[in-house]
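Survey of secondary and tertiary structure
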Amino acid sequence: MNALLAVAFFAQTVASTPRGVVVAHDGVVELQGKWKSESVSTPGVIALGETKTAVLDEIHDRVAIVDLANGQTTFAKTQATPIAAAFAGNDLLVLDRDAHVIEKIGGSSIQVAQDPELLSVAGNHAYVYSRIGGVLQEIGLEPFALLRTIRIPPFASAMQCDARNAYLIYPRDGQLRVVDLAKMQLAGQFGVGSAPTDVAITGDPTALTATRLAIPDPLVKRVWLVEGRQSSLQAFARGFLRGMLGVGLFRGKMTQFPTGVDRVIASGPRWLAFDSSTGTLYNVTKDETNILARGLGPHSFALTPEGVAYWQNGTLVAQKLD
């Protein structure tokens, strides 16, 4: 009974779209000040497309697909336990954990390894990581087909992909492991803190730095800021340019928090940190961290172009951030 009450209490999801902030709650989905439509009863993850958004209900194996222009909603049945989703153009991809499939809603499905948990879309491919076997699988989008499969260490907790690499976090041994997506093979690993739990891309490669990553470590109450993978030639060129400009070498940094943050939410160079155990959301600036809200649900907040929006006590709260 307590578990069911917890699901009901946290059954609200917030997402920032090109048309404004969308909230799914209490069986409806609404774009604040514009439209309100019927939705799923226990909203989980929201997937964002350019013209549509999709709200998963992993309890009832359903998805609500909403037109952002007018709120028109269509419902689709998924296979067992939809836990992740992403749009690829106009196609909605849903990862169903207990069915061990990735499906294209309204189309076909592909069997994947046992216990699929993490989904990322990069270019013309989707990548699915399954925890128990440590299986990373590459899915072609057109045509929709399984292309390549490799085995890497099991029990990663988070994955992000850029154009060249997949970055996977391993709390058990404190490692960030990198997969070269062109070769589809492990390309390196390095230690990050004590028990990192998540990874977010906070900046694309530039002339001075490689891909920038934020990695929370709740055990030591820190978020580590590091560079992603780069070739020796790229590292040399960036180091040379930094020397010419007098800015010195990039060094890993960290941000300290009063509680054990375990998630990072990023949009470009801006990012927030979240402590799931207390529902505490933090804003991070160059000089300090400050608490935005407490007691939030796991999906009840989002970065917006102006700042942050979160659902609290039945109300959508919007804050501007520097």
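From a predicted model like this one, the values you see are computed outputs, not experimental measurements.

1. Side note on the overall build of the protein chain
For the protein chain, the count of helices and strands is two helices and 31 strands. Burial statistics for the protein chain: of 322 residues in total, 49% are counted as buried. Residue pairs at least 24 apart in sequence account for 39% of intrachain contacts in the protein chain once pairs closer than 6 positions are excluded. Carbon and sulfur atoms form 52% of the exposed surface of the protein chain, whose accessible area is close to 15400 Å².

2. A short note on the packing of aromatic side chains
All chains considered together, the criterion is met by two aromatic pairs. For the pair F257 and Y282, a centre-to-centre distance of 5.1 Å together with 70° between the ring planes defines the contact as edge-to-face. Of the two residues, F257 sits in the loop between β24 (253-256) and β25 (263-267) while Y282 sits in strand β27 (residues 280-284), which places them 25 residues apart along the sequence. No difference in accessibility class separates F257 from Y282, as the two residues are buried. Relative to F301, the ring of F274 lies with its centre 4.6 Å away and its plane at 45°, an arrangement referred to as tilted. Note that F274 is positioned in strand β26 (residues 270-275) and F301 in strand β29 (residues 301-303), a separation of 27 residues in sequence. Here the guanidinium or amino end of R172 rests over the ring plane of F155, the centre of that ring lying 4.1 Å away. Above the face of the Y170 ring, R177 is positioned so that its terminal group lies 4.5 Å from the ring centre.

3. Some points on the nonpolar core
If you look at soluble globular proteins, the nonpolar side chains tend to sit buried side by side. Core analysis: the largest hydrophobic core is formed by 16 residues, its most contacted members being Y127, Y129, L136, I152, M159, L168 and V179. Those elements giving two or more residues to this core turn out to be β13 (116-122), β14 (125-130), β17 (158-161) and β18 (165-170). The greatest single-element share of this core, amounting to three residues, is contributed by β18. Those residues in contact with M159 that sit more than four places away from it in its chain are L118, L119, S120, Y127, Y129, L136, Y167, L168 and V199. If you look at the next biggest cluster of nonpolar residues, it comprises 15 residues, including A84, L95, I102 and L119.

4. Focus on the pairing of strand β30 (residues 307-312)
Among the six residues of β30, five are classified as buried, and the element is accordingly described as predominantly covered. By the bridge criterion, three bridges tie β29 to β30 in an arrangement that is antiparallel. Following the sheet pairing, A302 is matched in β30 by A309. Counting the residues in the hairpin turn of β30 and strand β31 (residues 315-320) gives two residues, including N313, whose phi is positive at 55°.

5. Focus: the sheet that holds strand β12 (residues 109-111)
Across the sheet, which stays open at both edges, the four strands sit in the order β9-β10-β11-β12 with antiparallel pairing between neighbours. Strand pairing shows two members of the sheet lacking a second neighbour, β9 (82-88) and β12, which therefore form its edges. If you compare each strand with its neighbour and ignore which way they point, the axes differ by 20° on average. Direction of pairing for strand β11 (residues 101-104) relative to β12: antiparallel, over a ladder of three bridges. Within the sheet, the bridge partner assigned to I102 lies in β12 and is I110.

Scoring rules and cut-offs
Residues numbered from 1 in each chain as written. Predicted model: local features only at pLDDT ≥ 70, side-chain atom pairs only at ≥ 80, totals over all residues. Heavy atoms only, no water. Helix = DSSP H or I, 4+ residues; strand = E, 2+ residues; numbered from the N terminus. Buried < 20%, exposed > 50% of the residue type's maximum accessible area, 1.4 Å probe, protein only. Contact = heavy atoms within 4.5 Å. Areas by Shrake-Rupley, 256 points an atom, 1.4 Å probe, with all protein chains shown as cover. Phe/Tyr/Trp six-rings, centres within 6.5 Å; stacked < 30°, edge-to-face > 60°. Lys NZ or Arg CZ within 6 Å of the ring centre and 35° of its normal. Core = buried A, V, L, I, M, F, W, Y, C linked by side-chain atoms within 4.5 Å. Pairing = 2+ DSSP bridges. Axes fitted to C-alpha atoms, helices over the stretch in contact; angles between N-to-C directions.

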